[in-house]
Structure formats: structure tokens, C-alpha cells
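Summary of the model geometry
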Amino acid sequence: MEQLTITQFVRKNILELQPYISFRDHNEFEAPVLMDANESPFGTFNRYPDSTQKKLKRKIADLKNLSPGQIVVGNGSDELIDLIIKIFCEPKKDAIMMMNPSFAMYAFYAAINENKVIKVDLDENFEMVKENFLKMSEENQPKIFFLCSPNNPTGNSVDDIEFYLQNFNGIVVVDEAYIEFSDKKSSLELLIKYPNLIVLQTFSKAWGKAGARVGIACATEEIIKLINTVKAPYNVNSLSQELIIKSIDQLDEFQENVENILIERDWLESELRQMECVSKIFPTDANFFLVKFNNVDQVYQKLLEEEVLTNKRSPAIPDCIRINIGTREENKSLIAVLNKLKS
Ligand SMILES: *Cc1c(COP(=O)(O)O)cnc(C)c1O
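Quick notes on the rules
- Residues numbered from 1 in each chain as written.
- Predicted model: local features only at pLDDT ≥ 70, side-chain atom pairs only at ≥ 80, totals over all residues.
- Heavy atoms only, no water.
- Helix = DSSP H or I, 4+ residues; strand = E, 2+ residues; numbered from the N terminus.
- Rg over C-alpha atoms; globule rule 2.2 N^0.38 Å.
- Buried < 20%, exposed > 50% of the residue type's maximum accessible area, 1.4 Å probe, protein only.
- Contact = heavy atoms within 4.5 Å.
- Areas by Shrake-Rupley, 256 points an atom, 1.4 Å probe, with all protein chains shown as cover.
- Lys, Arg positive; Asp, Glu negative; His and termini not counted.
- Charge placed at Lys NZ, Arg CZ, Asp CG, Glu CD.
- Near = heavy atom within 4 Å.
- Polar contact = N/O pair within 3.5 Å; in protein donor to acceptor, adjacent residues only side chain to side chain.
- Nonpolar A, V, L, I, M, F, W, Y, C, P; charged D, E, K, R; others polar.
- Domains from an automatic or database assignment.
- Buried area = accessible area lost by both parts, 1.4 Å probe.
- Salt bridge = Lys/Arg side-chain N within 4 Å of Asp/Glu carboxyl O.
- Right-handed = clockwise from strand over helix to strand, strands pointing away.
- Pairing = 2+ DSSP bridges.
- Expected span 1.5 Å × (residues − 1).
- Phe/Tyr/Trp six-rings, centres within 6.5 Å; stacked < 30°, edge-to-face > 60°.
- Lys NZ or Arg CZ within 6 Å of the ring centre and 35° of its normal.

1. Here we look at the overall build of the chain
Along the chain, the regular secondary structure elements total eleven helices and eleven strands. For the chain, whose C-alpha radius of gyration is 22 Å, the value lies close to the compact-globule estimate of 20 Å for 343 residues. In terms of principal-axis extent, the alpha carbons of the chain reach across some 70 × 55 × 35 Å. Expressed as a percentage of the 343 residues in the chain, the buried residues total 51%. For the chain, the share of sequence-separated contacts (at least 6 apart) that also reach a separation of at least 24 residues comes to 69%. Split by element, the accessible area of the chain, about 17400 Å² in all, is 49% carbon and sulfur. When the 39 positive and 51 negative side-chain charges of the chain are each reduced to one mean point, those points stand 3 Å apart.

Below is the structure:
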């Protein structure tokens, strides 16, 4: 494929859009008197957050071995999915493509703009079928391909990601919401090679900060500038920015938690293997299992009665429930309910 130019995929009105610039955030001051933003001079958190998220981006850049110009921070990666679709897909006209089954939010945000959603069915092991991908992208010319790896709700990773980057005439978004639980390589290292790549990561899963709503998109500076242009200037609040900076400073705690979840993942798997009601546990690189049950409706109902909340994927994925790893105590509660079913 010839060298891709990114602007050919961008909506014309977005290319012409002037970003909202907070003058204060784009200039250096020593001890400014702030009378420019109609804020209250009193109290704490009385000031707008840094719209450029300078300190936070510097932290993330150091952590990920990137430059701050390759990063944009969002109100969760959900916001970034929404913005990416807005930048590249003309409403009512363009299409996105995604794996099936995969994360529901790609189709959700596409539907809001009446963008068509092309779904590439995975095979019985939830692997991509390359011929189908090639055929469907040729036929439908989608602007964006959302590739979720490790995939939610199946848990497995996508092999040979470079194939999709090389063979897609548009933007490839690799959603790495669960990458910290996987021993597979992140696609961040492919950023220097592929100008059409956007990598999404989040602080909601392995970092344990779902309540803060912070996610990142990493890409070329050209794409990051476009996302900065369309994002709400104050999209990430000051409390969340501070909290994430602090979490990155406490890297040990993060690593401990991830290791603990991986230990629990092994424990839960070995317990589930012994259950009569379990017919299959799909391999996972994430903090959850997709589990196939012999009597899925009965199992799900029983769990619900006992207030153990799980994520039923049946009938879309026949007989399956998605269950995420909890503490040992929580995992034991799950197993105890499943044990009751036997009798
Ligand atoms: C949980 C999840 C996200 C999440 O997002 P935030 O908005 O950052 O909380 C993104 N992608 C996938 C596949 C997820 O499962």
C-alpha cells in the first residue's frame, strides 16, 4: 500500500476547525493574577483544570516512553472513541468496522452519528479471519477499524496486528484497555512505523481508577492535534488529573495489584475447571474470563439471586457469561454460589 496521508481520511470541516485555545494554558507565567476566566477567587478547586494536561501528560509520556505530543488524555477512553469517530467519519455517510463480538461502545458512538457499523465475525476460537477482514474492508471502505486486543468480552489477544495496519485503507484503533494483564507486547512500539495507528489505553482497569474517568490515546502528533482540536478544553477535571499523577508516582502499588489479580486469575480458573456446570473457559489475557455453562440461564439467575453480579453474554455468545476477577473473598463467593447449584 502507498504511503498513507492522514488528512485524506479527515472530515473537511474538522480540518478547517479552529481549536478553542485557553490562553493561560498555552503560555508561561510566573505568578499571574487570574482575571481571565470568570472563576471565583475563593476556595479550593476554584480554577479550571489545565486544558493541556501538561503535568499529567509529562508523567504518562515518561511512563510509556513517548513524547507528550503523542498523547491526548480523555474523560475515559470512551470519550476518545467518540472523538475519533467524529474526526474521521462523516455523519450518515461513512462507516466504521469492528470485530464481532467486541466492545459495544464503538457501535454505540457510531450509531449516534448514524455511521454504519461493519462487523467482522470472529471464528469459533474468537480469532480474526483475515480473508473476511480484507473482503469487508474492500466492500465497505470503512474509515476506522477498531481492533480490541485483548478483546472484550472474549479475553484473547489479536495476532499479527501489523497485518491490519498494513492492509487497511484508513485509521486502525488498537484498544488496549487490558494490556497490563497480558504478556503480549503493546502496539505502542508500532507508532513510529504506522501513521494510521491510534493506541487507546485506560486508567480504569489495571490502574484501578475507573471512578476518575481517565483514558489516553497515543498516535502521531498529527492525529493528536486533531483530537486536541475537537475535545472539550476542560474534559479532564483537576481532581482526576491529580489523582492519576499520584497513582503513577505509586507504581509499586499498581504492580502489586496487577500481580495479585494475575494470581487470582489462576486460582479462579483452577476452581472453575472443577465445576460441573462449567463446560468451557476461554483463554484470557485480561482480568476476566468468558465462561461457557451447561445451563447458562439457571447459573446466571442463581448468581443474581445471591447478588453476585456477572455479565451475561448469551444469547449473542451462546451459553456464555463474562466474569471478572475479584479479591479472593469475592472469588470465593462466586464459587460458593456455583457449588450450591450442584446440589
Ligand atoms: C473498559 C473498556 C474501555 C474503557 O474505558 P474507560 O472509558 O477508559 O473507562 C475501553 N475499551 C474497552 C475494550 C474496555 O473494556
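2. With respect to unusual backbone geometry
The linkage connecting Asn 100 with the following residue, Pro 101, adopts the cis geometry, with an omega of 5 degrees. By the secondary structure assignment, Pro 101 is in the loop between β2 (95-100) and α4 (105-112). In this chain, Ser 149 is followed by Pro 150 through a cis amide linkage whose omega measures -5 degrees. Position of Pro 150 among the secondary structure elements: in the loop between β4 (144-148) and α6 (161-166). Even without being a glycine, Phe 126 presents a positive backbone phi close to 60 degrees. Tracing the backbone shows Phe 126 in the loop between β3 (116-121) and α5 (130-140). What makes Phe 126 buried here is its relative accessible area of 12%. Backbone geometry at Asp 160 places phi at a positive 55 degrees, although glycine is not the residue there.

3. Side note on the site of the ligand
Taken together, 13 residues form the shell around the ligand, and within it Asp 175, Tyr 178, Thr 202, Ser 204 and Lys 205 come nearest. Between an oxygen atom of the ligand and a main-chain N or O atom of Ser 77, the distance comes to 2.6 Å. Ser 204 has a polar side-chain atom sitting 2.6 Å from an oxygen atom of the ligand. For the ligand, whose accessible area on its own is 390 Å², the fraction buried by protein is 93%. Partitioned by chemical class, the residues of the shell around the ligand number four nonpolar, five polar and four charged.

4. A word on the domain arrangement of the chain
A common way to state how big an interface is: give the accessible area lost once the parts meet. Each assigned domain of the chain is listed with its residue range as follows: domain 1 (6-249) and domain 2 (252-339). Placing a centre on the C-alpha atoms of domain 1 and another on those of domain 2 gives a separation of 29 Å. The partner domain 2 presents 17 residues to the 19 residues of domain 1 that form the contact. When domain 1 packs against domain 2, close to 1500 Å² is buried across both sides, 64% of that on carbon and sulfur atoms. It is Phe 126, Pro 153 and Phe 181 that lose the most area in domain 1 upon contact with domain 2, and together they represent 40% of the buried surface on that side. Between domain 1 and domain 2 we count one salt bridge in total. Among the ionic pairs, Lys 184 bridges to Asp 285, the shortest N-O distance being 3.0 Å. Remark: the boundary between domain 1 and domain 2 carries six residue pairs in polar contact (both at pLDDT 80 or more).

5. What about the pairing of strand β5 (residues 171-175)?
Taken across its five residues, β5 has five buried, putting it largely inside the fold. With burial as the criterion, each face of β5 is covered, one bearing Ile 171, Val 173 and Asp 175 and the other bearing Val 172 and Val 174. Between the parallel pair β4 and β5, the chain is carried across by α6, and the sense of this crossover is right-handed. Pairing analysis gives four bridges linking β5 to strand β6 (residues 197-202), with the strands arranged parallel. Note on β6: the bridge partner recorded for Asp 175 is Leu 200.

6. Observations regarding helix α9 (residues 251-273)
In this model α9 runs 33 Å from its N-terminal to its C-terminal C-alpha over 23 residues, within 8% of the 33 Å that 1.5 Å per residue would give. Within the span of α9, buried status applies to Phe 254, Val 258, Ile 261, Glu 264, Arg 265, Trp 267, Leu 268 and Leu 272.

7. Quick look at the packing of aromatic side chains
For the structure on display, the rule yields 16 aromatic pairs. On the basis of an interplanar angle of 50 degrees and a centroid distance of 6.1 Å, the ring pair of Phe 23 and Phe 29 is categorised as tilted. The class of Phe 23 is exposed, set by a relative accessible area of 57%. Residue classification places Phe 29 among the partly exposed residues on the basis of a relative accessible area of 43%. An angle of 80 degrees between the planes, with centres 5.1 Å apart, marks the rings of Tyr 178 and Phe 288 as edge-to-face. One end of the pair, Tyr 178, is in the loop between β5 and β6; the other, Phe 288, is in strand β9 (residues 288-293), and 110 residues separate them in sequence. Grouping aromatic residues by their ring pairs yields a cluster made of Phe 133, Phe 145, Phe 163, Tyr 164 and Phe 168. Over the ring of Tyr 300 we find Lys 312; its NZ or CZ atom is 5.8 Å from the centre of that ring. Of note, Arg 322 hangs over the ring of Phe 288, and the distance from its end group to the ring centre comes to 5.7 Å.

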